[in-house]
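Coordinates in review
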Amino acid sequence: MEKLFNTDNYVYFALMTPIEGSWGFTGYTAADGNYVKAVQGQNVNGTYKAYDVFWSTQERVRRVPKAKKITVLKNGELVQMLEIEYLKQSPNCEGSKNGSADSAAIFKEIDEAKDANILIERRQRKNQALTASFALEGKELDDIAAALGIFHDDPLIKLNRISEFAGQDPEGFFKHYENPNKIIKALILRGLHTGKLTKTGEAIFWGKEALGGNEDQAISFLIANPEKLHGLEESIGVVQTTKKKK
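Residues numbered from 1 in each chain as written. Predicted model: local features only at pLDDT ≥ 70, side-chain atom pairs only at ≥ 80, totals over all residues. Heavy atoms only, no water.

What follows covers the overall build of the protein chain. Along the backbone of the protein chain there are eight helices and 13 strands. Taking 246 residues into account, the globule formula puts the C-alpha radius of gyration at 18 Å, and the protein chain, at 24 Å, lies well above it. For the protein chain, the spread of C-alpha atoms along the principal axes amounts to about 75 × 50 × 40 Å. Across the 246 residues of the protein chain, 35% fall into the buried class. Here the contacts in the protein chain between residues at least 6 apart in sequence split such that 56% fall between residues at least 24 apart. The positive charge centre, built from 33 side chains, and the negative charge centre, built from 33, are 2 Å apart in the protein chain. (Helix = DSSP H or I, 4+ residues; strand = E, 2+ residues; numbered from the N terminus. Rg over C-alpha atoms; globule rule 2.2 N^0.38 Å. Buried < 20%, exposed > 50% of the residue type's maximum accessible area, 1.4 Å probe, protein only. Contact = heavy atoms within 4.5 Å. Lys, Arg positive; Asp, Glu negative; His and termini not counted. Charge placed at Lys NZ, Arg CZ, Asp CG, Glu CD.)

Following this line, the structure appears as structure tokens:
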């Protein structure tokens, strides 16, 4: 008989704070002042290898076996500890006994009866991002690709890279996808990529003319000066974002 996956053997910890990219820790300071660090073996020079607790951009929920023990260096001594207890006692875990005013709650233990909706919503958000990415085509595909720093002639390669990003970081994808100024942002990034625009520090230049002290200011300048926007579009060779006034 096929062995079924038993979720009752695991405890789930989910990131609470919106964080772009990955997040994790290698140790923490307990309420008694001792530094607690999970380790896994030793390096050649005798130092201990860190055991990282890690949430990736793709997996925002960490699944930990209830019975799994890890080795922890505490107060200079190696001790065995359940990994779920190691996570629960982190000052960044909601409700931790080691929490303080200086340590924000970044993740929490999932109570499935209360928090199942969190897991479902995050999976749904990932599916929504993937669905939206697969529907991209034409200029919208080009603009989102440019906004993500993807410059390639083959639309299938663009779509593949965008969908990969959407699956790994749904919120990061929607930050670009839902940006009302994404077309102009893409134009600026395409201009920087082709060399039509240049950067000095954060300031963006078109020739000797400064468009803004940073990307946001350059976007605002082009919105306020449509003749400059059209000129830049023609210089770069893209489809116009808005119609010229007669």
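Take the nonpolar core next. Membership of the largest hydrophobic core comes to 22 residues, with the highest contact counts inside it found for Phe 13, Trp 23, Phe 25, Trp 55, Tyr 86, Leu 87 and Phe 107. Counting residues per element, the ones that place at least two in this core are β1 (10-15), β2 (23-25), β4 (35-42), β6 (53-55), β8 (69-74) and α1 (83-88). With residues near it in sequence (within four places) discarded, Phe 25 still touches Tyr 51, Asp 52, Val 53, Trp 55, Tyr 86, Ser 90 and Phe 107. (Core = buried A, V, L, I, M, F, W, Y, C linked by side-chain atoms within 4.5 Å.)

This part takes up the pairing of strand β13 (residues 209-212). Pairing of strand β12 (residues 203-206) with β13 involves three bridges; the strand directions are antiparallel. The residue bridging Phe 205 from the neighbouring strand is Ala 210, located in β13. Hairpin connection from β12 to β13: two residues lie between these consecutive antiparallel strands, with Gly 207 at a positive phi of about 70°. (Pairing = 2+ DSSP bridges.)

Here we take up the packing of aromatic side chains. Per the counting criterion, the structure on display carries 12 aromatic pairs. Measuring from centroid to centroid gives 6.0 Å for Phe 25 and Phe 107, while their planes differ by 10°, and the two rings are stacked. A residue pair is termed long-range when its members are at least 10 positions apart, and Phe 25 in strand β2 and Phe 107 in strand β10 (residues 107-109) qualify at 82 residues. For the pair shown, Phe 25 and Phe 107 are each scored as buried. Judged by centre distance (4.8 Å) and plane angle (40°), the ring pair of Trp 55 and Phe 107 falls under tilted. Taken together, the positions of Trp 55 in strand β6 and Phe 107 in strand β10 put the pair 52 residues apart, joining distant regions of the chain. (Phe/Tyr/Trp six-rings, centres within 6.5 Å; stacked < 30°, edge-to-face > 60°.)

The next subject is the sheet that holds strand β7 (residues 61-65). One open sheet accounts for three strands, arranged β7-β1-β10; its pairing is antiparallel. The open sheet has two edge strands, β7 and β10, and neither has a second partner. The sheet shows a mean angle of 25° between the axes of neighbouring strands, direction not considered. (Axes fitted to C-alpha atoms, helices over the stretch in contact; angles between N-to-C directions.)

A few words on the pairing of β12. Taken together, the three bridges between strand β11 (residues 198-200) and β12 define a ladder with antiparallel strand orientation. Of the residues in β12, the one forming a bridge with Thr 198 is Phe 205. Hairpin connection from β11 to β12: two residues lie between these consecutive antiparallel strands, with Gly 201 at a positive phi of about 65°.

Another aspect to go through is the sheet that holds β12. Read across the sheet, three strands follow the order β11-β12-β13 without closing on themselves; strand pairing throughout is antiparallel. Strands with a single pairing partner mark the edges of an open sheet, and in this sheet they are β11 and β13. Averaged over all pairs of adjacent strands, the angle between their axes in this sheet comes to 40°, without regard to strand direction.

All right, on to the packing of helix α3 (residues 138-147) against helix α5 (residues 170-177) then. The geometry of α3 relative to α5 is characterised by a closest axis approach of 10 Å and an angle of 120° between their N-to-C directions. With respect to their mutual orientation, α3 and α5 come out oblique. As for how α3 packs across α5, the hand of that crossing is right-handed. Contact residues: Glu 140, Ile 144 and Ala 147 in α3; Phe 173, His 176 and Tyr 177 in α5. Looking at the contact of α3 with α5 residue by residue, the class counts come to four nonpolar, one polar and one charged. (Parallel < 35°, antiparallel > 145°, perpendicular 65-115°, else oblique. Left-handed = near helix turned anticlockwise from the far one by under 90°. Nonpolar A, V, L, I, M, F, W, Y, C, P; charged D, E, K, R; others polar.)

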